[in-house]
Amino acid sequence: MNLPSSVTIKEVGPRDGLQNEKHFIPTEDKIEWINMLSESGLKYIEITSFVNPKWIPQLADAIQVAKSIHRENDITYAALVPNERGLQGALEANVDEVAVFMSASESHNLKNINKSIVATFPVLKPVIQEAIVAGKTVRGYVSTVFGCPYEGEVSTDAVLSVSEQLFALGIQELSLGDTIGVANPRQVEKALTEILKHFPQEKIAMHFHDTRGTALANTLVALNLGITKFDSSLGGLGGCPYAPGASGNLATDDLHYMLENMGVETGINRDQLINAALFIEKKLGKLLPSHTMQIERSQNCH
Ligand code: HMG
Ligand code: MG
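Quantities reported herein were computed from a predicted structural model and do not represent experimental measurements.

A. A look at the packing of aromatic side chains. Under the counting rule described, the total for this entry stands at 2 aromatic pairs. Aromatic pair Phe 167 and Phe 199: ring centres 4.8 Å apart, planes at 40 degrees, arrangement tilted. Note that Phe 167 is positioned in helix H7 (residues 156–169) and Phe 199 in the loop between helix H8 (185–195) and strand S7 (204–208), a separation of 32 residues in sequence. Of the residues examined, Phe 199 reaches a relative accessible area of 6% and is grouped as buried. The positively charged end of Lys 10 is found above the aromatic ring belonging to Tyr 44, 4.1 Å away from the centroid. Over the aromatic face of Tyr 141 sits the side chain of Arg 139, whose NZ or CZ is 5.1 Å from the ring centroid.

Here it is, written out as structure tokens:
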């Protein structure tokens, strides 16, 4: 295996993890959780979304959360931004990184952001430009890279087309999303090998959901192809409300276990990570689905 010496884990729990949760988590609990994540050694945290609160009520407190968390200088605090209205909020709250998002498949793009793919670029163009002028870095997400809940298979050409246009608009990093967790390792190898002919590996991050238990296997394939940035959510929380059946993200704690035990450094302290997971598990009032958390619970029983 061709493994890197270190990997950046990008924690998306406060955004992707919480966005689908029906029961509103009080703002002060979100803030406390993010502060705990900051203390764990994570260097990147996606803290919220500046989207329409009618669509994602859980994150209606984006401004308060982003303004109130304790910031560490060496951590990037990012937020999802769909349009100029969202950018205003993100700039007012002074996030470090703006993450724009769209899909490689028409139907998911439409369900998720209420626009066709072609109509999305003119909306994102000023967002990306203005964010850069304001001194922010900009990340672009492409969803449904390995399959769409409405259309099934998605071609790598469709992924490349959307990704090329996002890079042309100025994004500095591309996160490739397996939104509904359908990808398998062979598919990841094939698609990523093609994608890496077009973009440098250091500009690519992988965003796996673990709906069918393939996220760690897919991660290993991507690692082997030179990818060193992975999005994950603590405890395996998560899912896209506009992708039926999309369950949790790859769990940060499981990813951390696999990487550290293979000798790939993450810089994250396991105990602090688990403490943060136990904290949000209690606030959610339900068990987190990651393997690591199941072991934690069974060990605590003895
Ligand atoms: P729209 O309804 O088409 O927007 O929404 P509009 O521009 O026509 O405006 C309609 C209303 O929304 C207006 O309010 C606007 O002010 C308001 P009204 O006059 O009706 O009271 N509005 C906003 N309010 C607050 N913040 C804003 C904002 N923009 C408009 N930024 C929009 C378009 C994209 C905003 C909407 O479709 C939306 O919010 N969608 C949310 C989608 C979302 O958050 N999905 C989940 C995240 S993506 C994901 O999970 C995938 C990912 O994890 C990767 C992967 O797994 O693949 C990233
Ligand atoms: Mg996601």
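Additional details are given in the paragraphs that follow.
B. Geometry of the pattern of salt bridges. Here the structure, examined in full by the defined rule, presents 14 salt bridges. Residue Asp 29 is joined to Lys 283 by a salt bridge in which the shortest nitrogen-to-oxygen separation is 3.7 Å. In this pair, Asp 29 is assigned in helix H2 (residues 27–39) and Lys 283 in helix H11 (residues 270–284), connecting sequence segments 254 residues apart. Judged by its relative accessible area of 33%, Lys 283 is partly exposed. Put simply, Lys 197 and Glu 194 hold a salt bridge, and the shortest N to O gap is 3.1 Å. The class of Glu 194 is partly exposed, set by a relative accessible area of 28%. Members of the salt-bridge network, linked through shared partners, are Lys 10, Arg 139, Glu 173, Lys 229 and Asp 231.

C. Structural detail: the coordination of the magnesium ion (ligand 2). Taken together, the protein donors to the magnesium ion (ligand 2) comprise Asp 16 (OD), His 207 (NE2) and His 209 (NE2), at separations of 2.1 to 2.3 Å. Sequence positions of the donors to the magnesium ion (ligand 2) reduce to the motif D-x190-H-x1-H. Of this pair, Asp 16 sits in helix H1 (residues 13–17) while His 207 sits in strand S7; the two residues are 191 residues apart in sequence, bridging distant segments of the chain. Just as Asp 16 is buried, His 207 falls in that class too.

D. Representation of the pairing of strand S3 (residues 76–80) within the structure. Most of S3 sits inside the fold, with 4 of its 5 residues counted as buried. The pairing of strand S2 (residues 44–49) with S3 spans 5 bridges and is classified as parallel. Along S3, the bridge assignment pairs Ile 45 with Tyr 77. As a crossover connection, the stretch from S2 through helix H3 (residues 62–68) into S3 is right-handed. In terms of strand pairing, S3 meets strand S4 (residues 97–103) through 3 bridges, oriented parallel. The partner of Ala 79 across the bridge, within S4, is Val 98.

Rules and cut-offs
- Residues numbered from 1 in each chain as written.
- Chains lettered and ligands numbered in written order.
- Predicted model: local features only at pLDDT ≥ 70, side-chain atom pairs only at ≥ 80, totals over all residues.
- Heavy atoms only, no water.
- Phe/Tyr/Trp six-rings, centres within 6.5 Å; stacked < 30°, edge-to-face > 60°.
- Helix = DSSP H or I, 4+ residues; strand = E, 2+ residues; numbered from the N terminus.
- Buried < 20%, exposed > 50% of the residue type's maximum accessible area, 1.4 Å probe, protein only.
- Lys NZ or Arg CZ within 6 Å of the ring centre and 35° of its normal.
- Salt bridge = Lys/Arg side-chain N within 4 Å of Asp/Glu carboxyl O.
- Donors = N, O, S within 2.8 Å, 3.2 Å for Na, K, Ca; no water.
- Pairing = 2+ DSSP bridges.
- Right-handed = clockwise from strand over helix to strand, strands pointing away.

The values reported here are purely geometric and, on their own, carry no functional implication.
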